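A structural walkthrough
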Amino acid sequence: MSITASDARVAPDISGKSPSKWLALAVIAVSQLLIVLDATIVNIAMPTAQVALGISDANRQWIITAYTLAFGGLLLLGGRIADFTGRKRAFIIGLLGFAVASALGGLAQNAETLFAARALQGAFGALMAPAALSLLTVTFTEAKERARAFGVYGAIAGGGGAIGLLMGGVLTEYASWRWTLLVSTPIAIVAALAAVRFVGESKAEGNTRYDLPGALTSTLGLVSLVYGFTKAASDGWDSATTISFLVAAVVLLVGFVVIELRSSHPLLPMRVILDRNRGGSYLSALLVGAGMFGVFLFLTYYLQLTLGYSALKTGVAFLPFTAGIIAGAGLSAQMLTRVGPRILMFAGLLMTAAGMVMLTRIGLDTGFWSHVLPAELIISFGMGVVFGPMSNTALVGVADHDAGVASALINTTQQIGGSLGTALLNTIFTSAVAGYITSHATDPSQIPALQGVATVHGYTVAFWVSAAVIGVAALTALVLVKASRQDVAAADATHVAV
């Protein structure tokens, strides 16, 4: 028997004490910071870690990919586990597991241990993230408070990546690359202890069987899809390996949809994504992830390899991104119940796309203050405006027993979009560089002189593609998201029992 709305109840908080919702928000915000931060904090440390552990150029991408594959591939299952076993319990287990995995990675003595630790971080993050967002949903039930809470959550979600780059630069330059991983351990432990005291429990009750065939096909399908795109960047789109993994991904994901339509206890009920507002938010999140990862990836390369910035200076250069995210999220939180999510998402995404277009003006001799900073501020402010309404809309009207899986889909779409976007943009960048050299070099002796200009040309092409992807996300929000400010204000959520 499938779970119905009447089966889902909020479990009583057995502590007998009334947790402060704002302290709970602080704990949830810290957990979200950990998840986003660890997706980027190792980026600037990668060259040092590669040398220290003897990782080949072909395998170094697994420092990033192992995390995103495990995180994106297991989020749906993590959301369902959180729903059925208790969101607070899953949240705490996720934090403690994340702490152990971070310590393992920081102490790694070889590449295999580091890759495994990054995958474990992603797996425990996949348990923690949907539990955190669904706890946020059931804790803040009054419209204005919820808008404010989602504004904080959106600021963390958007700004955490830039904070990770800054911390990665500081820790790599003044301590060791190992501390880019070890730093998460004490933070996660403190957050877990605080969650015991301040976060209330909630869960879906009734039929709590797990859809294991759905979990298997969705996880393998997503992993195969991301790996296929990753291989496309190195082996080409026409290689047998790339084609095999992409075909396998299509077969597995189609099989997943068939299983979900027939299952009495689906991992991903189709009612969650077929709602127009939620579907629009998920598709927008997928496109945002695909477009936004290019900012961090190619700006990092541009600042370090073209402008000659150190690891620390590169991290500092991303600091204005955090300020823009916070400013945009603050405005969005104030305006959400006045104008509704659709206008905010559309305007914020258009602003972000415009900032991407501005980045296409960079060159070998352009400066940070004149070309990078203005674009960075516009992109970050636009994203700050978008994240809160996008997360809120994806959960408006969702039943309590679906809150975990609906929350998981937010992160799943962003992570999968980011992984696919990174692979796609890398392929486009490589092709653009090679094409520029081929069209401008009349003999091989000219290639070294052209390499710098060709590389910057590759960056600008990637930024044009990112701008186009974000522009499509804006149109998606405009066409599909119809939730009004009244819908947001009347959002039906279940209160956490105290």
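So, how was this worked out
- Residues numbered from 1 in each chain as written.
- Predicted model: local features only at pLDDT ≥ 70, side-chain atom pairs only at ≥ 80, totals over all residues.
- Heavy atoms only, no water.
- Helix = DSSP H or I, 4+ residues; strand = E, 2+ residues; numbered from the N terminus.
- Buried < 20%, exposed > 50% of the residue type's maximum accessible area, 1.4 Å probe, protein only.
- Phe/Tyr/Trp six-rings, centres within 6.5 Å; stacked < 30°, edge-to-face > 60°.
- Axes fitted to C-alpha atoms, helices over the stretch in contact; angles between N-to-C directions.
- Parallel < 35°, antiparallel > 145°, perpendicular 65-115°, else oblique.
- Left-handed = near helix turned anticlockwise from the far one by under 90°.
- Contact = heavy atoms within 4.5 Å.
- Nonpolar A, V, L, I, M, F, W, Y, C, P; charged D, E, K, R; others polar.
- Expected span 1.5 Å × (residues − 1).
- Arc of directions from axis to C-beta.
- Polar contact = N/O pair within 3.5 Å; in protein donor to acceptor, adjacent residues only side chain to side chain.
- Core = buried A, V, L, I, M, F, W, Y, C linked by side-chain atoms within 4.5 Å.
- Patch = residues over 30% accessible without salt bridge, like charges linked within 9 Å, V, L, I, M, F, W, Y side chains within 5 Å.
- Areas by Shrake-Rupley, 256 points an atom, 1.4 Å probe, with all protein chains shown as cover.
- Salt bridge = Lys/Arg side-chain N within 4 Å of Asp/Glu carboxyl O.
- pLDDT = per-residue confidence, 0-100.

The helix and strand tally for the protein chain stands at 19 helices and zero strands. Going through the 498 residues of the protein chain one by one, you find that 59% of them count as buried.

This brings us to the packing of aromatic side chains. As enumerated under the stated definition, the model contains seven aromatic pairs in all. With a centroid separation of 6.0 Å and an interplanar angle of 15°, the aromatic rings of Tyr67 and Phe71 are classed as stacked. Residue Tyr67 and its partner Phe71 are both found in helix α3 (residues 62-85); the two are separated by four residues, about one turn of the helix. On the basis of relative accessible area, Tyr67 is assigned to the buried category, the value being 0%. Among the residues examined, Phe71 registers a relative accessible area of 0% and is labelled buried. Each ring, one from Phe368 and one from Trp369, has its centre 5.4 Å from the other, and the planes form 80°; the classification is edge-to-face.

As a further point, take the packing of helix α4 (residues 87-106) against helix α8 (residues 184-198). Remark: α4 packs on α8, axes separated minimally by 8 Å, with the N-to-C direction vectors making an angle of 165°. Taken together, the axes of α4 and α8 are roughly antiparallel relative to one another. In terms of crossing hand, the pair formed by α4 and α8 is left-handed. Only Ser184, Thr185, Ala188, Ile189, Ala191, Ala192, Ala195 and Val196 of α8 make contact with α4, whose side of the interface consists of Lys88, Phe91, Ile92, Leu95, Leu96, Phe98, Ala99, Ser102 and Ala103. Residues that form the contact of α4 with α8 fall into these classes: 13 nonpolar, three polar and one charged.

Quick look at the packing of helix α1 (residues 21-40) against α8 now. Running from amino to carboxyl end, α1 crosses α8 at an angle of 155°, the nearest separation of the two axes being 9 Å. Judged on the interaxial angle alone, α8 and α1 are roughly antiparallel. Where α1 crosses over α8, the two elements pack in a sense that is left-handed. Here α1 contributes Leu23, Ala24, Val27, Val30, Leu34 and Asp38 to the contact with α8, which in turn contributes Ser184, Ile187, Ala188, Ala191, Ala194, Ala195 and Phe198. When the residues that make up the contact of α1 with α8 are grouped by side-chain class, the tally is eleven nonpolar, one polar and one charged.

Compared with an ideal rise of 1.5 Å per residue, which puts 19 residues at 27 Å, helix α15 (residues 341-359) spans 27 Å between its outermost C-alpha atoms and is within 8% of the ideal. For α15, the set of buried residues is Pro341, Leu344, Met345, Gly348, Leu349, Thr352, Ala353, Gly355, Met356 and Leu359. Angularly, the buried residues of α15 cover 160° about the axis, an arc narrow enough to put them on a single face.

Here Ser380 lies in helix α16 (residues 368-393). Here Glu376 takes part through its backbone oxygen, which lies 2.9 Å from a polar atom of the side chain of Ser380. Within the structure, Ser380 has its side chain in polar contact with the backbone oxygen of Leu377 (distance 3.0 Å). Not counting the four nearest positions on each side in its chain, Ser380 is found in contact with Pro320, Phe321, Gly324 and Ile325.

Glancing now at the environment of Leu344. With respect to the helices and strands, Leu344 occurs in helix α15. With a relative accessible area of 9%, Leu344 lands in the buried category. Residues Leu344 and Met390, 46 residues apart in the sequence, show an inter-C-alpha distance of 9.0 Å. Not counting residues up to four positions away in its chain, the partners in contact with Leu344 are Ser332, Met335, Leu336, Val339, Val385, Val386 and Pro389.

In terms of nonpolar packing, the biggest core is built from 55 residues, with Met292, Phe298, Leu299, Tyr302, Leu349, Met383 and Phe463 touching the most fellow members. Among the secondary structure elements, those contributing two or more residues to this core are α6 (143-174), α12 (276-306), α13 (311-317), α14 (319-339), α15, α16, α17 (403-440) and α18 (447-480). Excluding residues that lie within four positions of it along the chain, Phe298 makes contacts with Leu425, Asn426, Phe429, Tyr459, Ala462 and Phe463. Counting residues in hydrophobic clusters, the runner-up holds 51 residues, among them Ala188, Phe256, Ala394 and Leu395.

This part covers a nonpolar patch on the surface. On the surface, a nonpolar cluster with roughly 270 Å² of combined accessible area is contributed by Leu96, Ile189 and Leu193. Residue placement: Leu96 occurs in helix α4. On the basis of relative accessible area, Leu96 is assigned to the partly exposed category, the value being 40%.

Moving on: α1. In a regular helix each residue adds 1.5 Å, so 20 residues correspond to 28 Å; α1 covers 29 Å between its end C-alpha atoms and thus fits that length. Burial of α1 is extensive: 14 of the 20 residues sit out of reach of the surface.

With that settled, the discussion passes to the environment of Phe321. Examined against the element boundaries, Phe321 turns out to sit in helix α14. On the accessibility criterion, Phe321 (1% relative accessible area) is buried. Taking the C-alpha atoms as reference points, Phe321 and Phe381, 60 residues apart in sequence, are found 7.9 Å from one another.

Another point: the environment of Ile428. Locating Ile428 in the fold gives a position in helix α17. Separated by 30 residues in the primary sequence, Ile428 and Gly458 place their C-alpha atoms 7.7 Å from one another.

Time to look at the side chain of Thr180. Along the polypeptide, Thr180 turns up in helix α7 (residues 179-182). Within the structure, Thr180 has its side chain in polar contact with the backbone oxygen of Trp177 (distance 2.5 Å). Leaving out residues up to four positions away in the same chain, Thr180 has contacts with Asp38, Ile41, Val42, Ala45, Gly168, Leu171 and Thr172.

Moving on, we come to the confidence of the model for the protein chain. Per-residue pLDDT for the protein chain has a mean of 81; in total, 88% of the residues score no lower than 70. Across the protein chain, element-level confidence peaks in α15 with a mean pLDDT of 94 and bottoms out in helix α19 (residues 485-489) with 58. Here residues 1-19 is modelled with pLDDT under 50, and outside its nearest four sequence neighbours on either side it reaches 47 contacts, counting other chains as well. Low pLDDT, under 50, characterises residues 491-498; the stretch is placed with 24 contacts to residues that sit more than four places away or in other chains.

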